[in-house]
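Each chain, letter by letter, is given below.
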Amino acid sequence: MKSVLIVEEMPSFREYLKTKLEDNNIEAALAINGLDGISKLRNTMPDLLVVDYNLNRQGCMELLKQKRASAGLAPIPVIVTAQQLDQKKILDLVPYNVKKVFTKPIKTDALFTTMQELLGVTFAIDTSPGIVEVHVNEDIIFVEITEGFNRDKLDLLRYKITELMELYQIRVPKVIIMISGFSLKPSDVPNLVKLLNNILRASQAAQRNIRILTKDDFLKNFINEQKDYKDIEVVSKLQYALDGLLKELNKVENGEKQAVLMGDKVLSAGESKGESIQLRFDGEVRFSLEDVKESLHGLSIAAVDDDETIRELIKHTFSGFDIDLSFFPDGAEFTESLDNSSYDLILLDIVMPRADGFAVLRELSYRNISVPVIILSAVNQRETVIRAFQMGIKSYLTKPLKPADIFKKALEILKVNF
């Protein structure tokens, strides 16, 4: 039996790869950081090593150097995953038997194809088109499905949701499923059922707290005819999903229950639950916020905001870490930088001189730049928020903000969404 060692800090991707490999009779061992990785590499002697470039507690390069120094370990082929690597860093990997570098979000079909070639085996790969993205705002899980259903990505979705619920400590989950970019047909039913069941299993959400946003008539009719999903509501506009789903029905004021509409609040940062975060990585092992920050080393973030206070807040949020921060006081200056620079994440204000946030989003779309964007804005009118999401942003945080709010959202976008 062939074996693979996976050194990856994010449990969703780690557990997903393990399940996929074991389903195809390939033994999979897991390591949660660089120190754990070199120990298990020596103990397991795998046929393939898959390692994340951004590791804490001994980095990827140190792990590869120790591997190369061992005659028994040096021949093992390596796949490296990373947020983004420049040409110099990629060339630095060449002497360490690195066969392929995959940047995140990873195309799973390409990753599995490379694994097959390096292991000399074949296993089931779904090459169907399909994009799956997940993000959270105010304890609401947004699931976006575009271009089609890819079964491998639907499996990964279950782990993503579990990880986000742990990150945000969601106790009463609400889910909005947005399906667009393709027309459903009867042959899609098994994949649709897989999607819904994975979401229900991972989130443990009550069906009455789930909305499906779609204009597809086949999907609407299917849900309406299924007793198993009778409490899931299908809507055609995002504001309908917000109005119908996001009501605090149990808030008591002056002795009476109040139904408070949360449409304007839902896409804001909300109250911070303290300045420290803990994530469950493996069994009972937990890492503090400081440990998790290490995994963001080497990334490039652009902060586009005319408010000097916000720029200082962002600088404080990521201070002391190897993150390349670029600051721009308006949208025009930022878009001019796109000719010579690339970014892993953009933090963007809406109201700015010369070119506002929407002008920036239009320019990114025109240039076909798919960098994730988080809006940081004092504007919280529903129309503005919905317009921003329709233009492809990943999250909308309303000011005033705390460093923990910004960092937690950056962690979600950069490290959880593969």
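Each chain has its residues counted from 1, running along the sequence as written. Totals for whole chains, interfaces and linings use all residues, but because this is a predicted model, local features are given only for residues with pLDDT of at least 70 and pairs of side-chain atoms are given and counted only at 80 or more. Heavy atoms from the whole structure form the basis of all side-chain values; hydrogens and water molecules are not counted.

Draft legend 1. Here's a closer look at the overall build of the chain. Helix numbering and strand numbering both begin at the N terminus, where a helix is a DSSP run of H or I of at least 4 residues and a strand a DSSP run of E of at least 2. In terms of helices and strands, the chain carries 15 helices and 19 strands. Buried residues in the chain amount to 54% of all 418 residues. Here the contacts in the chain between residues at least 6 apart in sequence split such that 66% fall between residues at least 24 apart. Here, Shrake-Rupley sampling with a 1.4 Å probe gives the accessible areas, and only protein chains in the shown set may cover a residue. Of the roughly 18,600 Å² of accessible surface on the chain, a fraction of 46% belongs to carbon and sulfur atoms. Buried means the residue's accessible area, taken with a 1.4 Å probe over protein chains only, is under 20% of the maximum for its type, while exposed means over 50%, and partly exposed covers the values in between. Contacts were defined at the residue level, with two residues in contact if any of their heavy atoms lie within 4.5 Å.

Draft legend 2. Broad picture of the side chain of N33. Examined against the element boundaries, N33 turns out to sit in the loop between strand 2 (27-31) and helix 2 (34-44). Two N or O atoms count as a polar contact when they lie within 3.5 Å, although within protein this holds only if one can serve as hydrogen donor and the other as acceptor, and sequence-adjacent residues are included solely when both atoms are side-chain atoms. Of the polar contacts made by the side chain of N33, one reaches the backbone nitrogen of L35; its length is 3.2 Å.

Draft legend 3. View of the pattern of salt bridges. By salt bridge we mean one thing: a side-chain nitrogen of Lys or Arg within 4 Å of a carboxyl oxygen of Asp or Glu. Considering all chains together, one arrives at 13 salt bridges under this definition. The structure contains a network of salt bridges with shared partners spanning D330, E336 and R354.

Draft legend 4. Molecular detail of unusual backbone geometry. With a phi close to 60°, N25 is a non-glycine residue in the positive phi region. Among the structural elements, N25 can be located in the loop between helix 1 (11-23) and strand 2. Residue classification places N25 among the exposed residues on the basis of a relative accessible area of 59%. Here the phi dihedral of M45 falls at roughly 50°; this positive angle occurs in a residue that is not glycine. Counting through the fold element by element, M45 comes out in the loop between helix 2 and strand 3 (48-52). Residue M45 is classed as partly exposed on the basis of its relative accessible area, which comes to 43%.

Draft legend 5. Region of interest: the packing of aromatic side chains. Only the six-membered ring of Trp is used, alongside the rings of Phe and Tyr, when aromatic pairs are assigned; centres must lie within 6.5 Å, and planes under 30 degrees apart are stacked while those over 60 apart are edge-to-face, with the rest tilted. A complete count under the given rule lists eight aromatic pairs for this structure. When the ring of F149 is compared with that of F182, the centres are 5.3 Å apart and the planes differ by 85°; the resulting orientation is edge-to-face. Of this pair, F149 sits in the loop between strand 7 (140-146) and helix 6 (151-168) while F182 sits in the loop between strand 8 (174-180) and helix 7 (189-203), and the two are 33 residues apart along the sequence. Here the two residues F149 and F182 agree in accessibility, since each one is buried. An angle of 85° between the planes, with centres 6.3 Å apart, marks the rings of F328 and Y343 as edge-to-face. Of the two residues, F328 is situated in strand 16 (residues 324-328) and Y343 in the loop between helix 12 (331-337) and strand 17 (345-348); the sequence distance between them amounts to 15 residues. For Y343, a relative accessible area of 6% translates into the label buried. Pairwise contacts between aromatic rings join Y16, F112, F123 and Y159 into one cluster. Sitting over a ring, as applied to charges here, requires NZ of Lys or CZ of Arg to be within 6 Å of the ring centre and within 35 degrees of the ring normal. The residue whose ring lies beneath R158 is Y159, and the NZ or CZ to ring-centre distance is 5.1 Å. Over the aromatic face of F327 sits the side chain of K315, whose NZ or CZ is 5.6 Å from the ring centroid.

Draft legend 6. Looking closely at the confidence of the model for the chain. Of all residues in the chain, 85% attain a pLDDT of 70 or more, and the chain-wide mean is 81. As a per-residue measure, pLDDT tells how confident the predictor is, with possible values from 0 to 100. By mean pLDDT, the top-scoring element of the chain is strand 1 (residues 3-7) (96), and the lowest-scoring one is strand 13 (residues 279-282) (27). Below pLDDT 50 for its whole length, residues 248-291 participates in 100 contacts with residues either more than four positions away or in separate chains.

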